[in-house]
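Structure assessment
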Amino acid sequence: MISYSLRNRPGPSRRRRSGLRIAIAAGTAGAVAAIGLMATAGSAHAVGTLGNAAAAQGRYFGTAVAAGHLGETAYTNALDAEFGAVTPENEMKWDTIEANQNSFNFGPGDQIVAHAQSQNMKIRGHTLVWYSQLPGWVSGLSASALQSAMNNHITQVMTHYKGEIYAWDVVNEAFQDGGSGARRSSPFQDKLGSGYIETAFRTARAADPNAKLCYNDYNTDGVNAKSTAVYNMVKDFKARGVPIDCVGFQGHFNPQSPVPGDFQANLQRFADLGVDVQMTEVDVAGSGTAQANNYTTIVKGCLAVSRCTGITVWGVTDKYSWRSGDTPLLLDGNYQKKASYNAVLAALGSGGGTSGGTSAGTSSGTSSGTSSGTSAGTSSGTSSGTTGGTGGSCTAAVTAGSQWSDRYNLNVTVSGSTNWTVTANIPYPEKVLSTWNISATYPNAQQLVAKPNGSGNNWGLTIQKNGSTTWPTFTCTTS
Ligand code: 9MR
């Protein structure tokens, strides 16, 4: 059984280089047939949802998801409208996936993966080795059988989801609460000794070398004995070359145990070890301003740490929170935005954006062109001219945004028309992680089609490198 002290119970749980600037225009003449109809609009628009606002900062903003709720339209609408990443709340845990030895049930996890992929969301895998939600047969094994079973579980699950998971919580909650800094008693700890954690990470790396491998825990959100014990383990792993890429901080808070004053400093000390840090299961018991202020501290703290790659809240709505009585999330039981939601959006830097008045109308015509460049080292690009037709040309100017070791942002400004469509062809194996200020569709895995969503003509995208840094080609057409 899982148990948490009152003070410490969990509510639930890349490197920056200077932006290289390169401007590329796209747009050549195409067939033009214009039906002029001018209208003006000048209203202000909020800029983006939580996921888009975070993406503009080079981060993801995700939520825990339960497969059982995906059939509820309001749930799925809220999920798709707001979030750019998901963590299966229970569907990838040992007791679901391998309730009986060597018999694997990937159905519920696959359901979440399919939905996330249809929305181009990131997926965090949760979790491979945890003392809780562990079937009885595992604890009954001898040491050598347990070692084989653990390695087999990691390998089978990660192989099934290979290439689909951004980051795995390889080991979850392995440390005791309180001041001892000791490892928690568990079948793994008790039979295999502390070395099981290292073995789990090595096995995980071999199974899916492209997934980020995280250690995840709660009550580690500030500098304390428990977080220092985790810190020392990560430091040792880095020194000895044990593969670890990230540390997850669950972020379960309540009025007795709010976000600590050294929250950001704690994230930073882990980041300084050379790992990414992520807030993985955030929820804050409470309501109103107090709750909102805790969320603001979390978002600002993460944004201030360049290796803090994203934030996940532990549920879409208070209605389905694992502790719904504490109303700890951003949307209430009726999917209405709470003060905490507004605080998060504001802290992400997108609370008050406006888009200027533009003329809209129906004109048809096409224009196209290409852009290319590279985001690494010296960059180069080409641009093609614009059309001189009667209302049918547009230009997409592309500039480099923030860059990290594994991903980069591009900022796009469209001019010439407000009825534009920009098609970006993404060079394989690069992948679009997220976009902001557009309505995005994906005709196939290597193509993004961007249309205005009312947020103006400046938009952007985050691209996962997967070893390549060649920019996509952008083609602008009007309609
Ligand atoms: O939210 C999860 C809840 O539905 C389960 O009943 C519970 C069982 O332990 O696990 C919850 O999620 C936990 C997460 O996997 C690990 N950190 C603590 C979370 C809240 O208990």
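Here we summarise the structure given alongside this text. Predicted model, so just to flag it, every value in this text is computed and none were measured.

Reading guide: rules and limits
- Residues numbered from 1 in each chain as written.
- Predicted model: local features only at pLDDT ≥ 70, side-chain atom pairs only at ≥ 80, totals over all residues.
- Heavy atoms only, no water.
- Near = heavy atom within 4 Å.
- Polar contact = N/O pair within 3.5 Å; in protein donor to acceptor, adjacent residues only side chain to side chain.
- Nonpolar A, V, L, I, M, F, W, Y, C, P; charged D, E, K, R; others polar.
- Buried < 20%, exposed > 50% of the residue type's maximum accessible area, 1.4 Å probe, protein only.
- Helix = DSSP H or I, 4+ residues; strand = E, 2+ residues; numbered from the N terminus.
- Pairing = 2+ DSSP bridges.
- Axes fitted to C-alpha atoms, helices over the stretch in contact; angles between N-to-C directions.
- Parallel < 35°, antiparallel > 145°, perpendicular 65-115°, else oblique.
- Left-handed = near helix turned anticlockwise from the far one by under 90°.
- Contact = heavy atoms within 4.5 Å.
- Phe/Tyr/Trp six-rings, centres within 6.5 Å; stacked < 30°, edge-to-face > 60°.
- Lys NZ or Arg CZ within 6 Å of the ring centre and 35° of its normal.

1. With respect to the site of the ligand
- Taken together, 16 residues sit near the ligand, with Glu 89, Lys 93, His 126, Glu 173 and Glu 281 positioned nearest.
- In the environment of the ligand, an oxygen atom lies 2.9 Å from a nitrogen or oxygen atom belonging to the side chain of Asn 90.
- Glu 173 places a polar side-chain atom, nitrogen or oxygen, 2.8 Å from a nitrogen atom of the ligand.
- Its residues placed into classes, the shell around the ligand shows 5 nonpolar, 7 polar and 4 charged.

2. What to know about the pairing of strand 4 (residues 85-88)
- Side chains Ala 85 and Thr 87 of strand 4 all project onto a buried face; the interleaved residues Val 86 and Pro 88 project onto the opposite face, where all are buried too.
- In the sheet, strand 3 (residues 60-65) pairs with strand 4 via 4 bridges, with the strands oriented parallel. Bridging from a neighbouring strand, Val 65 pairs with Pro 88 of strand 4.
- Where strand 4 meets strand 5 (residues 122-129), 2 bridges bridge the pair, whose relative direction is parallel.

3. Re the packing of helix 10 (residues 263-271) against helix 11 (residues 288-303)
- At a minimum axis separation of 9 Å, helix 10 and helix 11 run at an interaxial angle of 30°. Classed by the angle they form, the pair helix 10 and helix 11 counts as roughly parallel. The chirality of how helix 10 crosses helix 11 is right-handed. Facing Phe 263, Gln 264 and Leu 267 of helix 10, the residues of helix 11 in contact are Thr 297, Ile 298, Lys 300, Gly 301 and Cys 302.
- By residue class, the composition of the contact of helix 10 with helix 11 is 4 nonpolar, 3 polar and 1 charged.

4. Here's the deal with the packing of aromatic side chains
- Per the stated rule, a full pass over the model turns up 16 aromatic pairs.
- Consider the rings of Phe 175 and Tyr 215, whose centres lie 5.9 Å apart with planes at 90°: the pair is edge-to-face. Of this pair, Phe 175 sits in the loop between strand 6 (167-172) and helix 7 (187-192) while Tyr 215 sits in strand 7 (residues 212-217), placing them 40 residues apart in sequence.
- Overall, Phe 175 belongs to the buried group, its relative accessible area being 0%.
- Residue placement shows Lys 122 over the ring face of Tyr 166; its charged tip is 3.7 Å from the ring centre.

5. Some remarks on the sheet that holds strand 19 (residues 447-452)
- Read across the open sheet, the 4 strands follow the order 18-19-16-21; overall the sheet is antiparallel. Each end of this open sheet is capped by a strand with a single partner; those strands are strand 18 (438-444) and strand 21 (473-478). Taken over all neighbouring pairs, the strand axes of this sheet differ in orientation by 20° on average, direction set aside.
- Bridge analysis of strand 18 against strand 19 gives 5 bridges, and the strand direction is antiparallel. Bridging across to strand 19, Thr 441 finds its partner in Val 449.

6. Focus: the sheet that holds strand 15 (residues 407-415)
- Across the sheet, which stays open at both edges, the 4 strands sit in the order 14-15-20-17 with antiparallel pairing between neighbours. Where the open sheet ends on each side, the last strands, each with one partner, are strand 14 (395-403) and strand 17 (431-436). Strand-to-strand twist across the sheet, computed as the mean angle between neighbouring axes with direction ignored, equals 25°.
- Where strand 15 meets strand 20 (residues 458-464), 7 bridges bridge the pair, whose relative direction is antiparallel. Its bridge partner being in strand 20, Tyr 408 is matched across the sheet by Ile 463.

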